[in-house]
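# Structural description and commentary
Residue strings, one per chain:
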Amino acid sequence: GSKMETIKLSKPLMIKGEETKEVKLDFNSLTGKQLIEAEREARLKGDQTPSVFLSMTFQAIVAGKLIGVLADDIEDLPATDFRNLVMPVANFLLG
């Protein structure tokens, strides 16, 4: 089945030069290579979580890859928006 989630944000996110308050997470577009890159990035940020799938840093990086922004942009969002973006990622990773 199609694994696409649309998330509404309270604070706009700048994506490819445009401010948007609605982002799509297309999990079908994600590759294993991107997950490996995300793990490397999380470790470089000093993440020590034994299972990287449980790491919010890792989840934020994966969300960033899905949306096309840096993890820092995701991390700068209000907590509610951050949670709304990383929860579907966590569910996908841990599902």
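What you see is a predicted model; the values in this text were computed from it and never measured.

## Quick notes on the confidence of the model for the chain
Do not read the predicted coordinates in detail wherever pLDDT is low. Put simply, the chain has an average pLDDT of 95, and 98% of its residues get 70 or more. The least confident element of the chain is strand S1 (residues 4-15), whose mean pLDDT is 94; the most confident is helix H1 (residues 32-44), at 97.

## Considerations on the nonpolar core
Formed by 28 residues in total, the largest nonpolar core has its most connected members in Leu13, Ile67, Ile74 and Leu85. Looking at this core, the elements with two or more residues in it are S1, strand S2 (18-26), H1, helix H2 (56-67), helix H3 (71-75) and helix H4 (79-94). When residues in this core are grouped by element, the largest group, seven residues, is from H2. The residues contacting Ile74, other than those within four sequence positions of it, are Leu13, Ala60, Ala63, Gly64, Ile67, Val69, Phe82 and Leu85.

## Focus on the side chain of Asp47
By secondary structure assignment, the location of Asp47 is in the loop between H1 and H2. Ignoring sequence-local partners within four residues, the contact set of Asp47 consists of Ala42, Ser55 and Thr57.

## Things to note about H1
Compared with an ideal rise of 1.5 Å per residue, which puts 13 residues at 18 Å, H1 spans 19 Å between its outermost C-alpha atoms and is within 8% of the ideal. The complete set of buried residues in H1 reads Leu35, Ala38 and Ala42. Around the axis of H1, the buried residues are gathered within 60° of arc, so they sit on the same side. Facing away from the buried surface of H1 by more than 90 degrees, the exposed residues are Lys33, Ile36, Arg40 and Leu44. One or two residues past the end of H1 sits Gly46, with phi positive at roughly 90°.

Reading the values: rules and limits
Residues numbered from 1 in each chain as written. Predicted model: local features only at pLDDT ≥ 70, side-chain atom pairs only at ≥ 80, totals over all residues. Heavy atoms only, no water. pLDDT = per-residue confidence, 0-100. Helix = DSSP H or I, 4+ residues; strand = E, 2+ residues; numbered from the N terminus. Core = buried A, V, L, I, M, F, W, Y, C linked by side-chain atoms within 4.5 Å. Buried < 20%, exposed > 50% of the residue type's maximum accessible area, 1.4 Å probe, protein only. Contact = heavy atoms within 4.5 Å. Expected span 1.5 Å × (residues − 1). Arc of directions from axis to C-beta.

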